Amino acid sequence: MNSREILKRAAEELRLAGVPDPEYDSAAMLAQAVGRPALALRLETEQGPTEAEEAEFRRMMARRLRREPLQYILGTAAFCGMELLTAPGVLIPRPETELLAEWAAERMAGRREPEILDLCCGTGCLGLSLLKMLPGARVALSDLSGEAVRLARKNRERLGADCEILQGDLFGPLAGRRFDCIVSNPPYIPSAACECLQEEVMREPRMALDGGKDGLDFYRRIAAEAPAHLKAGGAVLLETGFGEAEDTAGIMREGGAARTEIRSDLNGIARMVLAEYA
Ligand code: GLN
């Protein structure tokens, strides 16, 4: 069968399984299996994959039909112009988080050697992208999950980046350390809502999603502990869940922030909170 025909049939199978973006996903998997760009494959009416390539594609399809996230199957995700490794057990980087990285880069742009901390780093997407956008920055990343720390270290090596990556609970491994900017995309989904997420999201680690009863547990801890880890005039930049930005800003002010600001994501949902300290 030619590639075009294979893609047509695969997209139909995925659609029947309820996969949200069947054309994109089938093309991305076939492209990876044969090592040719997706766009070219859609136009291939003569050529097709070899038997081995097709077998590999079928293995990927079987996983996607079970609603495993595409990025776990491909093993990579794009973030701020970088290709990051992804793996089951670690949260997949999301486009909305790119906006938080850009906001942090904007805040730190004028400084010579800003010291930045990425708390709950997962793949390392925030910290590694800031290192790329801010040459000269000194970046530390931390996560409680051993799987996340191992993956973030692989990403660091792959990108040839120079930064510390520590394992521990929030500020646990950072006693006595102070930063100009702390960025974090902590778990923020209310516990009860974790039971009824999109099928793909249910395959991601609960530990990276569950923010406690009201979803705000990590913001309370960050609000309480961040001041001891900030330099004078430092800032905290947080990603927040749906409907959580106002409450999070309030929590940060109660914790001592002098000023807070909220920004929305590309869907117009209030999604990020900046907290500035005196
Ligand atoms: N953005 C993820 C989602 O909505 C949640 C990530 C998180 O809890 N930080 O599925």
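Here, the structure is the one placed above.
Residues numbered from 1 in each chain as written. Predicted model: local features only at pLDDT ≥ 70, side-chain atom pairs only at ≥ 80, totals over all residues. Heavy atoms only, no water.

> Can you tell me about the site of the ligand, naming the residues and giving the values?
Taken together, the neighbourhood of the ligand is formed by Leu91, Arg94, Asn185, Pro186, Pro187, Tyr188, Ile189, Val201, Ala208 and Leu209. Between the ligand and the protein, one listed contact pairs an oxygen atom with a backbone N or O atom of alanine 208 at 3.4 Å. For the ligand, whose free accessible area comes to 300 Å², the fraction covered by protein is 88%. Its residues assigned to classes, the shell around the ligand shows eight nonpolar, one polar and one charged. (Near = heavy atom within 4 Å. Polar contact = N/O pair within 3.5 Å; in protein donor to acceptor, adjacent residues only side chain to side chain. Areas by Shrake-Rupley, 256 points an atom, 1.4 Å probe, with all protein chains shown as cover. Nonpolar A, V, L, I, M, F, W, Y, C, P; charged D, E, K, R; others polar.)

> Outline helix 10 (residues 217–225), listing residues and values.
Every buried residue of helix 10 is accounted for by Phe218, Tyr219, Ile222 and Ala223. Down the axis of helix 10, the sector holding all buried residues measures 135°, keeping them to one side. If you follow the buried residues of helix 10, they end up packed against strand 3 (115–119), strand 6 (179–184), strand 7 (230–239) and helix 11 (245–254). (Buried < 20%, exposed > 50% of the residue type's maximum accessible area, 1.4 Å probe, protein only. Helix = DSSP H or I, 4+ residues; strand = E, 2+ residues; numbered from the N terminus. Arc of directions from axis to C-beta. Contact = heavy atoms within 4.5 Å.)

> With reference to specific residues and values, describe the side chain of arginine 271.
Along the polypeptide, arginine 271 turns up in strand 9 (residues 270–276). Aside from chain neighbours lying at most four places away, what touches arginine 271 is Glu96, Tyr188, Leu238, Glu239, Thr240, Gly241, Phe242, Arg263, Ser264 and Asp265.

> Can you lay out the environment of leucine 126 for me, pointing to particular residues and giving the numbers?
Of note, leucine 126 is situated in helix 7 (residues 125–133). The sequence separation of leucine 126 and leucine 100 amounts to 26 residues, and the corresponding C-alpha distance is 7.9 Å. Discounting residues that sit within four places of it in the chain, leucine 126 has contacts with Phe79, Thr97, Leu100, Ala101, Asp118, Val183, Ser184 and Asn185.

> Outline the pattern of salt bridges, supporting the account with residue identities and numerical values.
All chains considered together, the criterion is met by 29 salt bridges. For the salt bridge of glutamate 56 with arginine 59, the shortest nitrogen-to-oxygen distance reads 2.9 Å. Of this pair, glutamate 56 and arginine 59 both sit in helix 4 (residues 51–65), three residues apart, which is roughly one turn of the helix. Exposure remark for glutamate 56: the relative accessible area of 31% places this residue in the partly exposed category. By relative accessible area, arginine 59 is classed as exposed at 51%. Between aspartate 210 and arginine 206 there is a salt bridge; the shortest N-O distance is 3.0 Å. For arginine 206, a relative accessible area of 38% corresponds to the partly exposed category. Through salt bridges with shared partners, a single network forms among Asp25, Arg64, Arg67, Glu199 and Glu200. (Salt bridge = Lys/Arg side-chain N within 4 Å of Asp/Glu carboxyl O.)

> So what about the environment of threonine 260? Which residues, and what values?
Relative to the assigned elements, threonine 260 resides in strand 8 (residues 259–264). Accessibility expressed as a relative area gives 18% for threonine 260, which makes it buried. On a C-alpha basis, the gap between threonine 260 and leucine 274 in space is 5.4 Å, while along the polypeptide they are 14 residues apart. In this view, threonine 260 contacts Ala249, Met252, Arg253, Leu274 and Ala275; residues no more than four positions away in its chain are not counted. Of the polar contacts made by the side chain of threonine 260, one reaches the side chain of arginine 253; its length is 2.6 Å.

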